[in-house]
Amino acid sequence: MTFKNFIASSILLLSVSACIQDEALNVEAAIDACNGKSIQLSTIDHTNKEIEVYVLADTDVSAQELNFTLADGATIKADESENNDNPPYFDFSNSTTRSFTVTSEDGHVKTTYTVRINKLDLPTSFSFENLKQNDSYDILYVSDKQGILEWASGNPGFQLCGMALSAEDYPTVMVENGGIKGNYVKLTTRSTGNFGSAIGMPIAAGNLFIGSFDLPNAVLHPLTATRFGYPFTRIPKILRGWFKYKKGSTYTDSQNHTVTDKEDRGDIYAVLYEAATSDYTLDGSLFPEDGTINPSIVLMARIAEEDIIETDQWTRFSINFLPQNGKTVNLDDLKNGKYKLAVVFSSSVDGAYFNGAVGSELCIDEVEIICE
């Protein structure tokens, strides 16, 4: 290399280095996740900037651990301090709701989130009467005197494909009146359009489940985006409720190819499973495509294929919880919150793998879990 070429190369390297150093700072001020030692579940409403944090009913929240996952370079601070605050531990003993402000890496963008701590036990009856206000899609919830528990769905992920013009166009919606006692939930398998087809996700099954939906993983790791379950300290015996079902006309696979020898069907199930830590949850892979089930499942109630019939009349279902994987419930672990219960409904049984029929529709109402 000549001295001239050496100088030219050196200048180029210095220029590249300067460009890297002068790269614009991140302007995002967002919270992507929230977790902590005693947190059983957390959900983030990115539209309304609200975070629901769920802990067991007897949890001491005077020093609640909150570990926030932020956009690159962003920082977060409680808007008002409390006596026991010592980040990442925050005092919620005086109020279950507090506000936190995220500041972007460049310092110019600020976003305020409302964080609410919910201390509750998992209910055992669900009527689907309550709808949380949201600018885009329906969010259903159940409530008790200590807080609310939101039902999760894939609606936030469906929003990414841009196929919905209104809340009624989403896979999971609440329908007013017409149910057994009032409102009910309707789950519909929808097309995700060109966006979904291009990434091997041509459909989005309507689903509703106890748990949370992890939006950041919705595209890259969709099976892990659905996180099922909440701690449960009783032994479930029967899952029962009411349904209506109709299947879509054309069954397609994840490559959007028509499968002529298959028909769609809905799915209704609940599982009690082992969860040694508060942050452990089953995800969308709990039923692998090879026909097995996750080894941590202890009890399961799942509607039989022949029982999920097409009908436009409300039809009763009653399903016994049966032992799985040769396991039995450990009563000490049950009392200490080492088990979680997931209740799941889907308009397409293989929707987690993006197989199903657009137009399949499962309606659900008045669900109960009968326990010992």
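In this text, all values refer to a predicted model and were calculated from it rather than measured experimentally. (Residues numbered from 1 in each chain as written. Predicted model: local features only at pLDDT ≥ 70, side-chain atom pairs only at ≥ 80, totals over all residues. Heavy atoms only, no water.)

Describing the nonpolar core
If you look at the biggest cluster of nonpolar residues, it comprises 43 residues, and the most contacted ones within it are F128, W151, L239, I268, F345 and I364. If sequence neighbours within four positions are ignored, I364 has contacts with F128, Y184, V185, W242, F243, I268, W314, F317 and F345. In this structure, F68, A74, F90 and F92 belong to the second largest nonpolar core, which totals 22 residues. (Core = buried A, V, L, I, M, F, W, Y, C linked by side-chain atoms within 4.5 Å. Buried < 20%, exposed > 50% of the residue type's maximum accessible area, 1.4 Å probe, protein only. Contact = heavy atoms within 4.5 Å.)

With respect to the packing of aromatic side chains
In this description, a pair of aromatic rings is defined by centroid distance and the angle of the planes. Scanning the entire structure with this criterion turns up 14 aromatic pairs. When the centroid spacing of 6.3 Å and the interplanar angle of 85° are considered together, the rings of Y54 and Y230 count as edge-to-face. One end of the pair, Y54, is in strand β3 (residues 50-55); the other, Y230, is in strand β20 (residues 230-231), and 176 residues separate them in sequence. Accessibility assignment for this pair places Y54 and Y230 in one class, buried. Here the aromatic rings of F90 and F100 are separated by 5.0 Å at their centres, their planes lie at 90°, and the arrangement is edge-to-face. Taken together, the residues span a long stretch of sequence, with F90 in strand β7 (residues 89-90) and F100 in strand β8 (residues 97-103) at a distance of ten residues. Since its relative accessible area comes to 7%, F90 is described here as buried. For F100, a relative accessible area of 1% gives the class buried. Members of the aromatic cluster, joined through ring pairs, are F126, F128, W151 and F345. Positioned above the aromatic ring of F92 is the side chain of R98, whose terminal nitrogen or guanidinium carbon lies 5.6 Å from the ring centre. (Phe/Tyr/Trp six-rings, centres within 6.5 Å; stacked < 30°, edge-to-face > 60°. Helix = DSSP H or I, 4+ residues; strand = E, 2+ residues; numbered from the N terminus. Lys NZ or Arg CZ within 6 Å of the ring centre and 35° of its normal.)

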